[in-house]
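One letter stands for each residue in the lines below.
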Amino acid sequence: MELWFLILISLSLGFFLKALVNLVFLSQTHKLPPAPFTFPIIGNILWLRKSTYELERAIRSLNQKLGPMITLHIGSRPVIFIADRSLAYLALIQNGAVFGNRPPAHATSRVIGSNQISTSFYGPNWRALRRNLTSEILNPSRVKTFGHARKWVLNNLKNQFDLLSKNGDPVRVVDHFQYAMFCLLVFMCFGDKVEDKKIKEIEQVERRMVVNHSRFNILNFWPSLSKIVLRKRWAEFLQLRKDQEEVILPLIRTRKRLKEQRLRNLNVEGNEYVLSYVDTLLDLQLPDEKRKLNELEILNLCNEFLNGGTDTTTAALQWIMTNLVKYPQIQEKLLLEIKEVVGEGEEVVKEDDLGKMPYLKAIVLEGLRRHPPARLVLPHAATTDIVLGEFLIPKNGTVNFMVADMGWDSKVWDDPMAFKPERFLDGEGEAFDITGSREIKMMPFGAGRRMCPGYGLAMLHLEYFVANLILSFEWKAVDGDDIDLSEKQELTIVMKNPLCAHISRRVAA
Ligand code: HEM
């Protein structure tokens, strides 16, 4: 007994001493990455007010002077930005567990983001929430069960384009892409019986929150003060949250009722029943607290699912289609590949055909490399003091990664700002590893433990829609218009002047 006690004491003492030595030694021998001079408090607020796009440009010019790792004092905490792909690999893949955490949620996230996957600390709750999404909803056989929903959404989109292009006018496509991508996720989230009117209601309430995202962000700087000084904005934010609850909670309750009826063997939806994300969340247990999710937490997870996948995929789809309009020879080459696989005269690309089209995949990858919709990943936090390169990343320090810079690195990519899908066919072809597990060459979905769990679904949506939209329509630039690739920041990086193109049917409907 006494011996065990002694062993226990010496082990604890050993761990404590090691942590102490780490802290003292590392912080003495290694410093934080360099920071530019800014006036305290005022400088912090100024950084906080910048959009991600402005921040990204400012960091890029600081990287020229200070190197690929810099520290900025944003709001109340220092944030370290990493622009070098080897350092990103060292952090996210080789030290994945150390960089797998998130910083504590901001005041607004505590209202709308509680127990979301993206905001959860690295630990059992996060693991359970993430595993539920990936293995219950995003696994390939479950994704297949939503094939009919994708077909339905695609047909609607094609009918819309038929209608809008009937008199030969150019079509502004982005809103139609956005609605299509949103519908796909609504069906996966709440089941495939949601009516069009209801989808529009959900879209409106979600958009209002997304569009005001950066206005609400300022509420997080010194919340106790902002609750007094910016009380009208706080009221607006809380009202929007209430509107979300009014629209979405009834859908969650409907799924709950359906589930109970099924359990009582009432076979409500017959054989057509398809498991939805909400159904899986109703069953989920949080291991930390040993309880089920409450309605508001399910609502937060639905919001995350809908918003995480809509703007990102829409932005990528628009950038890809824009490049196919800008470079007709790439569009032509893709069309040849599609026709060869589906057969002459066939009007639809089936999902099973997508895997046989390496050039299609190369186009989608090139679109994500050249125009990554997210320029920074979500903030990561270190679980312990660690030295990266020559600098200290302190325990709980916030760390982020310059996504576009990884994919535009001229040491890896020849002529990186050009749109050349062929680069993915040379040597690596279909085998290109988007997860970065062997080496990070680009990271549009992040990398490591916190990598986007929706990347497979996003790739499927992009390949399916690009292939079908090219098989069905010829896409042409408006005469005299030079396709403009200027960017602007919304929730993601989107086209400043959205794509407006002549669309005409290739095959008579
Ligand atoms: C082209 C489409 C998409 C892009 C470019 C994208 C990009 C990203 C990025 C950069 C991250 C942050 C990774 C990090 O913090 O290291 C992320 C996280 C996440 N994404 Fe996506 N995403 C896309 C589609 C989707 C879809 C379709 C879904 C859901 C169905 C989704 C759900 C999520 C979730 C839940 C997280 C948080 C993961 C975690 O914290 O563990 N995303 N995504």
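Keep in mind that this is a model prediction, so the values were computed, not measured.

1. What about the overall build of the protein chain?
Counting its regular elements, the protein chain contains 19 helices and 13 strands. Counting across all 509 residues of the protein chain, residues that qualify as buried make up 35%. Expressed as a percentage of contacts within the protein chain between residues at least 6 apart in sequence, the contacts between residues at least 24 apart total 75%.

2. Structural notes on the pairing of strand β2 (residues 77-82)
The sheet contact formed by strand β1 (residues 69-74) and β2 spans six bridges and is antiparallel. Its bridge partner lying in β2, Ile74 is registered against Arg77. When β2 meets strand β9 (residues 398-401), the two strands line up parallel, connected through four bridges. Looking at β9, one finds that Phe81 is bridged to Asn400.

3. Structural notes on the packing of helix α13 (residues 231-263) against helix α15 (residues 295-326)
It is the contact of α13 with α15, at a shortest axis distance of 10 Å, that shows an interaxial angle of 100 degrees. In this view, α13 runs roughly perpendicular relative to α15, as classed from their interaxial angle. Between α13, through Gln244, Glu245, Ile248, Leu249 and Ile252, and α15, the contact on the second element is made entirely by Glu295, Ile298, Leu299, Cys302 and Asn303. Considered class by class, the residues forming the contact of α13 with α15 number six nonpolar, two polar and two charged.

4. Description of the environment of Asp279
Structurally, Asp279 is set in helix α14 (residues 277-283). Between the C-alpha atoms of Asp279 and Val377, which are 98 residues apart in sequence, the distance is 29 Å. In this structure, Asp279 is in contact with Arg255 and Lys259, ignoring residues within four places of it in sequence.

5. Focus: helix α8 (residues 147-165)
Compared with the 27 Å implied by 1.5 Å per residue over 19 residues, the 27 Å span of α8 between its first and last C-alpha is a close match. Lining the buried residues of α8 we find β3 (171-172), α9 (174-190), α19 (455-472), β10 (473-477) and β13 (500-505).

6. Quick look at the nonpolar core
Cys189, Cys302, Ile320, Met321 and Val466 are the most contacted members of the largest nonpolar core, which has 73 residues in total. With residues up to four places along the chain from it excluded, the contact list for Val466 reads Ile320, Met321, Leu360, Ile363 and Val364. If you look at the next biggest cluster of nonpolar residues, it comprises 38 residues, including Leu72, Phe401, Met402 and Met406.

7. Considerations on the sheet that holds β9
Across the sheet, which stays open at both edges, the four strands sit in the order β1-β2-β9-β6 with mixed pairing between neighbours. Each edge of the sheet is formed by a strand with only one pairing partner; in this case those strands are β1 and β6 (380-381). Set on the sheet, helix α4 (residues 85-94) makes contact with β1, β2 and β9; between it and β2 the angle comes to about 120 degrees.

8. Thoughts on the site of the ligand
Every one of the 24 residues lining the ligand counts as a neighbour, but Gly308, Gly309, Gly446, Cys452 and Gly454 are closest to it. When contributions to the shell around the ligand are tallied by element, the ones reaching two or more residues are α15 and α19. A per-element tally of the shell around the ligand places α15 first, with seven residues. In terms of residue class, the shell around the ligand is made up of 14 nonpolar, seven polar and three charged.

9. Notes on unusual backbone geometry
The residue Lys290 is not glycine, and still its phi comes out positive at about 50 degrees. Considering the arrangement of structural elements, one finds Lys290 in the loop between β4 (285-286) and β5 (291-292). Notably, Asn396 is not glycine yet its phi reads approximately 70 degrees, a positive angle. Among the structural elements, Asn396 can be located in the loop between β8 (391-393) and β9. When the 14 C-beta atoms within 10 Å are taken as the criterion, Asn396 is described as partly exposed.

10. Focus on the environment of Ile137
Considering the arrangement of structural elements, one finds Ile137 in helix α6 (residues 124-137). The spacing of Ile137 and Gly454 is 317 residues in sequence and 9.9 Å in space, taken between C-alpha atoms. Not counting residues within four places of it along the chain, the set of residues in contact with Ile137 comprises Arg142, Met188, Tyr277 and Thr280.

11. Quick look at the sheet that holds β10
The strand order across the open sheet built from three strands is β3-β13-β10, with neighbouring strands paired in antiparallel fashion. Edge positions in the sheet fall to β3 and β10, since each has one partner strand and no second. The sheet contact formed by β10 and β13 spans five bridges and is antiparallel. The partner of Ala477 across the bridge, within β13, is Ala501.

12. Focus on the UniProt feature "binding site: heme" (unreviewed entry) in the protein chain
Residues annotated by UniProt as "binding site: heme" (unreviewed entry) correspond here to Cys452. Tracing the backbone through its elements, the reader meets Cys452 in the loop between α18 (403-407) and α19. If near-sequence neighbours (up to four positions away) are discounted, Cys452 is found in contact with Phe445 and Gly446.

Criteria and thresholds
Residues numbered from 1 in each chain as written. Predicted model: local features only at pLDDT ≥ 70, side-chain atom pairs only at ≥ 80, totals over all residues. Helix = DSSP H or I, 4+ residues; strand = E, 2+ residues; numbered from the N terminus. Buried ≥ 20, exposed ≤ 12 C-beta atoms within 10 Å, placed from the backbone. Contact = placed C-beta atoms within 7 Å. Pairing = 2+ DSSP bridges. Axes fitted to C-alpha atoms, helices over the stretch in contact; angles between N-to-C directions. Parallel < 35°, antiparallel > 145°, perpendicular 65-115°, else oblique. Nonpolar A, V, L, I, M, F, W, Y, C, P; charged D, E, K, R; others polar. Expected span 1.5 Å × (residues − 1). Core = buried A, V, L, I, M, F, W, Y, C linked by C-beta atoms within 7 Å. Near = placed C-beta within 6 Å. UniProt positions renumbered as here; feature names shortened; annotations may be inferred.

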